[in-house]
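Reading the structure
Here is what each chain is made of, one letter per residue.
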Amino acid sequence: MDAKQHLFYGIGNIAYALAGVDGKVQREEKEALQKLIATEINKIDSDADYTDIIFQVLDKDKANFEKSYKQGINAIKLGEHKLTPILKWQFVALLQKVAEAYPPATDDENEVIARFIRDLRAIGH
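Predicted, not measured: the structure shown is a model, and the values here were computed from it.

Notes on the overall build of the chain
Check the secondary structure of the chain and you find 6 helices and 0 strands. Start at the N end of the chain and walk to the C end: the helices and strands fall as α-α-α-α-α-α. With 125 residues in all, the chain has 43% of them scored as buried. Long-range pairs, those at least 24 residues apart, make up 80% of the contacts in the chain with a sequence separation of at least 6. By element, 50% of the accessible surface of the chain is carried by carbon and sulfur atoms, the whole surface being about 6900 Å².

Quick look at the structure:
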């Protein structure tokens with residue numbers, strides 16, 4: 001993977017973690033989530049279509065929230081030299097859309113987004 005691919009792989013992991021923070025991601029929820037993430041990532045970078053791979057890996061791995069989140073942050077750190085301030089906020093907006101996909105957004109989801117913002121401030125620029 002190149003640096004930019006690491007960024008999108010990372011945000012996919014974190015989006016999956018966010019979706020599962022309140023329990024297991026149900027099949028229909030996963031399908032809608034994949035579509036949402038793919039659409040949003042394509043708005044950011046039309047060459048970035050890594051979401052299907054991310055979800056397949058996470059499903060096979062039976063990843064939990066903390067593991068998925070940490071893998072996501074580590075992947076973003078690998079591509080940090082390509083992480084611009086604009087891209088950081090596009091990632092935050094993507095996570096907010098994931099949280100809003102199944103209302104209401106829970107305190108746990110809001111905490112994950114706040115944690116992600118804190119972690120992003122420590123990465124890159």
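What follows picks up the thread again.
Remarks on the side chain of H6
Here H6 lies in helix α1 (residues 3–20). Overall, the relative accessible area of 16% leaves H6 in the buried class. Setting aside its immediate chain neighbours within four residues, H6 contacts M1, A75, I76, L78 and G79.

Quick look at helix α6 (residues 107–121)
Given a rise of 1.5 Å per residue, 15 residues ought to cover 21 Å, and the 21 Å separating the end C-alpha atoms of α6 matches this to within 8%. Burial in α6 covers these residues: E109, V112, I113, F116, I117 and L120. Down the axis of α6, the sector holding all buried residues measures 140°, keeping them to one side. Structural note: α6 exposes D107, E111, R118 and R121 on the side pointing more than 90 degrees away from its buried face.

Considerations on helix α4 (residues 65–78)
Between the first and last C-alpha of α4 there are 20 Å, a value that for 14 residues agrees with the 20 Å anticipated at 1.5 Å per step. Taken residue by residue, α4 has S68, Y69, G72, I73, A75 and I76 as its buried positions. Around the axis of α4, the buried residues are gathered within 160° of arc, so they sit on the same side. Its side-chain oxygen 3.3 Å from the backbone nitrogen of E66, N64 forms the N-cap of α4.

Thresholds, definitions, all that
- Residues numbered from 1 in each chain as written.
- Predicted model: local features only at pLDDT ≥ 70, side-chain atom pairs only at ≥ 80, totals over all residues.
- Heavy atoms only, no water.
- Helix = DSSP H or I, 4+ residues; strand = E, 2+ residues; numbered from the N terminus.
- Buried < 20%, exposed > 50% of the residue type's maximum accessible area, 1.4 Å probe, protein only.
- Contact = heavy atoms within 4.5 Å.
- Areas by Shrake-Rupley, 256 points an atom, 1.4 Å probe, with all protein chains shown as cover.
- Expected span 1.5 Å × (residues − 1).
- Arc of directions from axis to C-beta.
- Polar contact = N/O pair within 3.5 Å; in protein donor to acceptor, adjacent residues only side chain to side chain.

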